[in-house]
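# Commentary on secondary and tertiary structure
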Amino acid sequence: MNCKVFSKEGKELRAIDLDDNIFNIPVNDDLIWYAINNELANRRQGSASTKDRGEIHGSNAKPYKQKGTGRARRGDKKSPVLVGGGTMFGPKPRDFSYSMPKKAKRLALKSILSLKAQNDMLKIIEDFSIESGKTKDLVKLLDNFNPGLRTVLILKDDDLLLKRAAANIPWLKYLSYNRLEAHELFYGRQVLMLETAAKNLNKFYGDISETKVSAVKEAGE
């Protein structure tokens, strides 16, 4: 598919050919859902912890005798039904992370890229850098592309000055082309991709797709 390339000033420059196996495939909603939930689960610290009755500091003696008081039986003050007692079935530190099949994750990311391209939420911008590393210079550039919207900027490499400039913009998230995140991509209202990053994506994902298709065809023959 063809896509327009814009200048830093927001003017059309030329067209670029994007791989249909990445930017124009049927959107798989189920895989997108699984990929987003996988990322959110992997972010969880899992540090929540409560004390059961065996971990509460206190006496093990009975607060009063077993019979004759007319009150309920109490073994000790650490009972979960008493104020200050232990917690029943409370959370303990655990690891919520899990792995997702690599092919499924890649297909989910390609589905999101296709969704953005099909809904005109993807723009290709000529390569640029912020030599000063200042946020105000990047904001001035982004004013040409619907400023204020939740935006994802896809970089062609680890541009430290550009990342430093983008760090203080609350509505902007930057990602490298080879380390995309399904959650950020999906919820971004617009995706701005550097031209070289788009070309790199064609190689990064496209070759595997073509190899897979050819392998399936050979197996069918």
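This one's a predicted model, so the numbers in the text were calculated from it and none came from an experiment.

On a plain count of helices and strands, the chain comes out with seven helices and six strands. N-terminal to C-terminal, the α/β element order of the chain is β-β-α-α-α-β-α-β-α-β-α-β-α. For 221 residues, the compact-globule estimate of 2.2 N^0.38 gives 17 Å, and the C-alpha radius of gyration of the chain, at 27 Å, exceeds that figure by more than 25%. Counting only C-alpha atoms and orienting by the principal axes, one finds that the chain spans roughly 90 × 60 × 25 Å. Across the 221 residues in the chain, those meeting the buried criterion constitute 38%. When contacts within the chain are restricted to residue pairs at least 6 apart in sequence, those whose partners lie at least 24 apart make up 70%. In the structure as shown, the chain presents an accessible area of about 13,600 Å², 50% of it carried by carbon and sulfur atoms. Averaging the locations of the 39 positively and 28 negatively charged side chains of the chain gives two centres separated by 15 Å.

According to the stated counting rule, one finds four aromatic pairs in the structure shown. Seen in terms of ring centroids, tyrosine 177 and phenylalanine 204 are 5.9 Å apart; in terms of plane orientation they differ by 85°. Their pairing is edge-to-face. Here phenylalanine 204 lies in helix α7 (residues 195–220) and tyrosine 177 lies in the loop between β5 (172–176) and α6 (182–187), a separation of 27 residues in the sequence. For phenylalanine 204, a relative accessible area of 31% translates into the label partly exposed.

So, on to the pairing of strand β3 (residues 122–125). As judged from the two bridges shared by strand β1 (residues 2–6) and β3, these two strands associate in the parallel manner. Residue pairing in the sheet places valine 5 in a bridge with isoleucine 124 of β3. As paired elements, β3 and strand β6 (residues 190–194) share four bridges and run parallel to each other. In the strand pairing of β6, isoleucine 124 is matched with methionine 193.

In this structure the tally under the stated criterion is 11 salt bridges. Arginine 14 is the salt-bridge partner of glutamate 195, the closest N and O atoms lying 2.6 Å from each other. On the criterion of sequence distance, the pair formed by glutamate 195 in helix α7 and arginine 14 in strand β2 (residues 12–17) is long-range, its members being 181 residues apart. According to the relative accessible area criterion, glutamate 195 is buried, its value standing at 11%.

Turning next to the sheet that holds β6. The sheet built from six strands is open, its strands ordered β2-β1-β3-β6-β4-β5 with mixed pairing. Each edge of the sheet is formed by a strand with only one pairing partner; in this case those strands are β2 and β5. Pairwise comparison of adjacent strand axes, ignoring direction, gives a mean angle of 30° for this sheet. Pairing of β1 with β2 involves five bridges; the strand directions are antiparallel. Residue lysine 4 lies in a different strand from β2, and its bridge partner there is alanine 15.

Calculation rules
Residues numbered from 1 in each chain as written. Predicted model: local features only at pLDDT ≥ 70, side-chain atom pairs only at ≥ 80, totals over all residues. Heavy atoms only, no water. Helix = DSSP H or I, 4+ residues; strand = E, 2+ residues; numbered from the N terminus. Rg over C-alpha atoms; globule rule 2.2 N^0.38 Å. Buried < 20%, exposed > 50% of the residue type's maximum accessible area, 1.4 Å probe, protein only. Contact = heavy atoms within 4.5 Å. Areas by Shrake-Rupley, 256 points an atom, 1.4 Å probe, with all protein chains shown as cover. Lys, Arg positive; Asp, Glu negative; His and termini not counted. Charge placed at Lys NZ, Arg CZ, Asp CG, Glu CD. Phe/Tyr/Trp six-rings, centres within 6.5 Å; stacked < 30°, edge-to-face > 60°. Pairing = 2+ DSSP bridges. Salt bridge = Lys/Arg side-chain N within 4 Å of Asp/Glu carboxyl O. Axes fitted to C-alpha atoms, helices over the stretch in contact; angles between N-to-C directions.

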